[in-house]
Amino acid sequence: MKHAAIVLAFALAAGAGFGGAGAAEDLTGLAKQAESEAKDGKNLEAYDTMRKAALQVWQSGPLLFRKAIFVTKAPEGFGIYDPRPEGAFKPGEKLFIYVEPVGFTWQEKDGLNHAQLVADLVLKDDEGTVLGEQEGFGTFTFDSRDENMEVMTALTIDFTEAPAGKYAAELKFTDKPGDKSATFELPFEIKAEGDASSDDSSEDDTSSAQP
């Protein structure tokens, strides 16, 4: 796989856009405030102000994917992964997917910030015919004292009985507290024995998430 086809679906709720001129002016004000703080040597305050602006963009926009790629093995954390340069797999080889979702909802719950994403999987052949699907393929729950913006999820697809050929994995993520959803699609190929160049891995077949 050289390029992952990313299809971004906007927030389901009406009026979930960024908020127009008023919000833009607010961001401009925060940027000026951060610039002033930095000039005064208040670097931590400037950082916190810019983070406040980034959270405004996060909260007001749709659910997006900063990254959605195949990786060589189960990722160890945010940004800690080895990308797989080609989407070619051996028969029976597991597919590891690394995803960085952006714009999902943090909701206060029991004194913490709570978020939940649910991923539905659809497997297709190269003509778009659906071969199989599973709702709730992955459920990712986060509880944090902060509204984290560096969040990753990981999924493992065990496509062991598929014959050689070209396929696509479509994953729809739903932000349960925020009623947003977005979909991406990753094409891949299963090559005949002796024809695929891929990294061997023996990671556990689990889905994981980390804020």
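Refer to the structure printed above.
Values in this document were obtained by computation on a predicted structure and should not be read as measured data.

Undergrad: Quick one: what's the story with the nonpolar core, residue by residue and with numbers?
TA: Core analysis: the biggest nonpolar cluster contains 33 residues, and L171, F173, F184 and F188 have the highest contact counts within it. Looking at this core, the elements with two or more residues in it are β2 (64-71), β4 (94-102), β6 (112-125), β7 (130-144), β8 (152-158), β9 (165-175) and β10 (180-190). Discounting residues that sit within four places of it in the chain, L171 has contacts with I97, A119, D120, L121, F137, L155, A182, T183 and F184. Within the second largest apolar cluster, 7 residues are counted, among which are Y81, Y98, M152 and A154.

Undergrad: Quick one: what's the story with the pattern of salt bridges, residue by residue and with numbers?
TA: Under the criterion given, the structure shown has 6 salt bridges. Measuring nitrogen to oxygen at the nearest pair gives 3.8 Å for the salt bridge that ties E35 to K39. On the criterion of helical spacing, the pair formed by E35 and K39 is a turn pair, its members being 4 residues apart in helix α1 (residues 20-39). Residue K39 is classed as exposed on the basis of its relative accessible area, which comes to 66%.

Undergrad: So what about unusual backbone geometry? Which residues, and what values?
TA: For residues besides glycine, phi is generally negative; the peptide bonds are generally trans as well. The phi dihedral of D110 is positive, around 55°, even though this residue is not glycine. Summarising the element assignment, D110 is placed in the loop between β5 (107-109) and β6. A residue is classified by how much of its surface remains accessible, and D110, at 74% relative accessible area, is exposed. Phi at D179 takes a positive value of approximately 55°, unusual for a residue other than glycine.

Rules used throughout
Residues numbered from 1 in each chain as written. Predicted model: local features only at pLDDT ≥ 70, side-chain atom pairs only at ≥ 80, totals over all residues. Heavy atoms only, no water. Core = buried A, V, L, I, M, F, W, Y, C linked by side-chain atoms within 4.5 Å. Buried < 20%, exposed > 50% of the residue type's maximum accessible area, 1.4 Å probe, protein only. Helix = DSSP H or I, 4+ residues; strand = E, 2+ residues; numbered from the N terminus. Contact = heavy atoms within 4.5 Å. Salt bridge = Lys/Arg side-chain N within 4 Å of Asp/Glu carboxyl O.

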